[in-house]
Amino acid sequence: MTTPRPETLAKLTPVLTKRWLSPDAWQIGTYEKLDGYAALRKALKAHPDDLIQLVKDSGLRGRGGAGFPTGLKWGFIPQGDGKPHYLVVNADEGEPGTCKDLPLMTHDPHSLVEGVIIASYAIRANRAYIYIRGEAVHAARRLRNAVEEAKAKGYLGKNILGSGFDLELVVHSGAGAYICGEETALLDSLEGFRGQPRLRPPFPATHGLYASPTVVNNVGTIASVPYIVLGGADWWKSMGTEKSAGPMIYSLSGRIANPGQYECGLGITLRELIELAGGMQPGHNLRFWTPGGSSTPLLTAEHLDVPLDFEGVAAAGSILGTTATQIFSDQDCPVYATYRWLEFYHHESCGKCTPCREGNYWMVRVYRRILAGQGTHDDLDTLLDTCDNILGRSFCGLGDGATSSVTSSLKYFKQDYLDYIEGRTAPKLSDKQLVGAH
Ligand SMILES: Cc1cc2nc3c(=O)[nH]c(=O)nc-3n(C[C@H](O)[C@H](O)[C@H](O)COP(=O)(O)O)c2cc1C
Ligand code: SF4
């Protein structure tokens, strides 16, 4: 393991993660001692429109993957329309490799609760939901406990801190489906239906939960809000890059010495992150990695110095996504890794549209054939052709995301495919696994 140089260590900017290591950080007493609910007191004295403007000025962009400007999204909520407004926090976090929201909710649930209250006040919502994936039982318990603690202190419920603003916050556990992280499928699921994406337009800003104006934001987005209210837009923009402002939690997993969460200004590079994480594991050299979860095209050792912000990663041919950097070495096989991701997408496809439902089904079969040593050269064209029929033709982003590792691994690692097909690499799957396909 290597020790990071002081100049690299200085790139850590613990903002959202700053309380995580404090004893009992999840309890309201600790939270209040460490600036907790100070932002709420300040926000309730401001006009809601001024809060929306503040978030616009900060340059905060959604942390759920797409990077949509948060203040702009809040500004889309029609005001004075006489309809109920809703804030829905997307805490589904199902993208393989992604693990920033769960530790935040487990270690510092009050930062999310405080962010929910401020955001609801800004968009004039009197009811908010946190939709958390069903398996995250521990985090859901911590959140529910935080909601009760906040209620007891007058931060939630009727006439919050004497401001006249009322808010009810419900923590709702889903059943654990990746598609329920897609915002419109999430809304269907929250309404009690099967979680499947809705046709857009109309967008949730006007026809969201119960056909009313709704903001859907990621956990990290909403938990950023109290810091922006306290620190101001300029302070927030002092971290990150011009178009990708603020700190970001990068989740490092795979072949590195110290996997975990590293919060740094947007625009840090993978080279620096690996240094912060103590280097690669002994005996491993970087071969490929995902910049933002399994839905983002793979990058390679050539891309170690790409700035990990929305623009930098796009220019390198990938997507920043959820900043889940999964790191693979020369001892890992890109064909097998892609196959495993594809099994996931095939399993999680909701089945609503043909390109994703059928395309992933067939691609899994082609991969099994290649990995069992029975692939043909034509299979590679079939894979690319299938991706071409999924990407941009699917009903939601799940289908598009499924193609990312297929096309990028074929771009950078075609030889690995050929080695299976031409018999230079021993099969990884047996005939039995091939036959057992369903
Ligand atoms: C298949 C799929 C899964 C998604 N899963 C999540 C998720 O678990 N959490 C999340 O915040 N956004 C997820 N998203 C993105 C959401 O649709 C939406 O863009 C996001 O919640 C908006 O919040 P933000 O503006 O704060 O980023 C997913 C999108 C797709 C297509
Ligand atoms: S792309 Fe996949 S997950 Fe999305 S609607 Fe179509 S079948 Fe469902």
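Above this text you will find the structure in question.
What comes next is a walk through the structure. Since we're looking at a predicted model, the values are computed, not measured.

## A word on a negative patch on the surface
There is a patch of like negative charges on the surface, built from Asp378, Asp381, Asp385 and Asp388. Relative to the helices and strands, Asp388 resides in helix α17 (residues 377-390).

## A word on the packing of aromatic side chains
Counted under the stated rule, the structure contains 17 aromatic pairs. Pairing Phe344 with Tyr345 gives two aromatic rings, centres 5.3 Å apart and planes at 80 degrees, and the pair type is edge-to-face. For Tyr345, a relative accessible area of 1% corresponds to the buried category. Taken together, Phe288, Phe328, Trp341, Tyr412 and Phe413 form an aromatic cluster joined through their ring pairs. The residue whose ring lies beneath Arg142 is Trp26, and the NZ or CZ to ring-centre distance is 3.5 Å.

## Concerning helix α8 (residues 137-152)
Between its first and last C-alpha, α8 extends 23 Å over 16 residues, near the 22 Å set by a 1.5 Å rise per residue. Taken together, the buried positions of α8 are Ala139, Ala140, Arg142, Leu143, Ala146, Val147, Glu149 and Ala150. Check the buried side of α8 and you find it contacts α2 (28-33), α6 (101-107), α7 (109-123), β2 (127-132) and β3 (168-173). Just past α8, the residue Gly154 takes up positive phi, approximately 85 degrees.

## Brief notes about the site of ligand 2
Close to ligand 2 lie 13 residues; Cys350, Gly351, Cys353, Cys356 and Cys396 are nearest. For the shell around ligand 2, a count of residues per class yields 8 nonpolar, 4 polar and 1 charged.

## Some remarks on the site of ligand 1
Close contacts around ligand 1 come from 18 residues, with Gly64, Lys73, Glu93, Asn218 and Thr221 the closest. Within the backbone of Gly64, an N or O atom sits 2.8 Å from an oxygen atom of ligand 1. Contacts to ligand 1 include Glu183, whose backbone N or O atom sits 3.0 Å from an oxygen atom. For ligand 1, whose free accessible area comes to 610 Å², the fraction covered by protein is 87%. Here the shell around ligand 1 takes 3 residues from strand β4 (residues 214-218), the largest share from any one element. Looking at the shell around ligand 1 residue by residue, the class counts come to 3 nonpolar, 9 polar and 6 charged.

## Quick notes on the packing of helix α16 (residues 354-371) against α17
Where α16 meets α17, the closest approach of the two axes is 10 Å, and the angle between their N-to-C directions is 160 degrees. Taken together, α16 and α17 sit at an angle that is classed as roughly antiparallel. Our pair here, α16 against α17, has a crossing hand that is left-handed. Side by side, α16 and α17 meet where Pro355, Gly359, Asn360, Met363, Val366, Tyr367, Arg369 and Ile370 of the first sit next to Asp379, Leu380, Thr382, Leu383, Thr386, Cys387, Asn389 and Ile390 of the second.

## Considerations on the pairing of strand β6 (residues 260-265)
With 5 of 6 residues buried, β6 is to be regarded as a mostly interior element. Of the strand pairs in this sheet, strand β5 (residues 247-254) and β6 are connected by 6 bridges, and their pairing is antiparallel. Opposite Tyr250, over in β6, you have Tyr262 as the bridge partner. Between the end of β5 and the start of β6, which pair antiparallel, lie 5 residues.

## Some remarks on the packing of α17 against helix α19 (residues 414-421)
When two helices pack together, their arrangement is given by the angle between their axes and by how far apart the axes lie. Direction vectors running N to C along α17 and α19 enclose 135 degrees, while the axes themselves pass 9 Å from each other. When the axes of α17 and α19 are compared, the pair comes out oblique. Read as a crossing pair, α17 and α19 show a hand that is right-handed. Every residue of α19 that contacts α17 at His377, Leu380 and Leu383 is listed here: Lys414, Tyr417, Leu418 and Ile421.

## Things to note about the sheet that holds β5
The sheet built from 5 strands is open, its strands ordered β6-β5-β9-β7-β8 with mixed pairing. One side of each edge strand has no neighbouring strand; the edge strands of this open sheet are β6 and β8 (299-300). Sheet topology note: the strand β7 (residues 286-290)/strand β9 (residues 324-329) ladder contains 4 bridges and is antiparallel. The partner of Thr290 across the bridge, within β9, is Gln326.

The rules behind each value
- Residues numbered from 1 in each chain as written.
- Chains lettered and ligands numbered in written order.
- Predicted model: local features only at pLDDT ≥ 70, side-chain atom pairs only at ≥ 80, totals over all residues.
- Heavy atoms only, no water.
- Patch = residues over 30% accessible without salt bridge, like charges linked within 9 Å, V, L, I, M, F, W, Y side chains within 5 Å.
- Areas by Shrake-Rupley, 256 points an atom, 1.4 Å probe, with all protein chains shown as cover.
- Salt bridge = Lys/Arg side-chain N within 4 Å of Asp/Glu carboxyl O.
- Lys, Arg positive; Asp, Glu negative; His and termini not counted.
- Charge placed at Lys NZ, Arg CZ, Asp CG, Glu CD.
- Helix = DSSP H or I, 4+ residues; strand = E, 2+ residues; numbered from the N terminus.
- Phe/Tyr/Trp six-rings, centres within 6.5 Å; stacked < 30°, edge-to-face > 60°.
- Buried < 20%, exposed > 50% of the residue type's maximum accessible area, 1.4 Å probe, protein only.
- Lys NZ or Arg CZ within 6 Å of the ring centre and 35° of its normal.
- Expected span 1.5 Å × (residues − 1).
- Contact = heavy atoms within 4.5 Å.
- Near = heavy atom within 4 Å.
- Nonpolar A, V, L, I, M, F, W, Y, C, P; charged D, E, K, R; others polar.
- Polar contact = N/O pair within 3.5 Å; in protein donor to acceptor, adjacent residues only side chain to side chain.
- Axes fitted to C-alpha atoms, helices over the stretch in contact; angles between N-to-C directions.
- Parallel < 35°, antiparallel > 145°, perpendicular 65-115°, else oblique.
- Left-handed = near helix turned anticlockwise from the far one by under 90°.
- Pairing = 2+ DSSP bridges.

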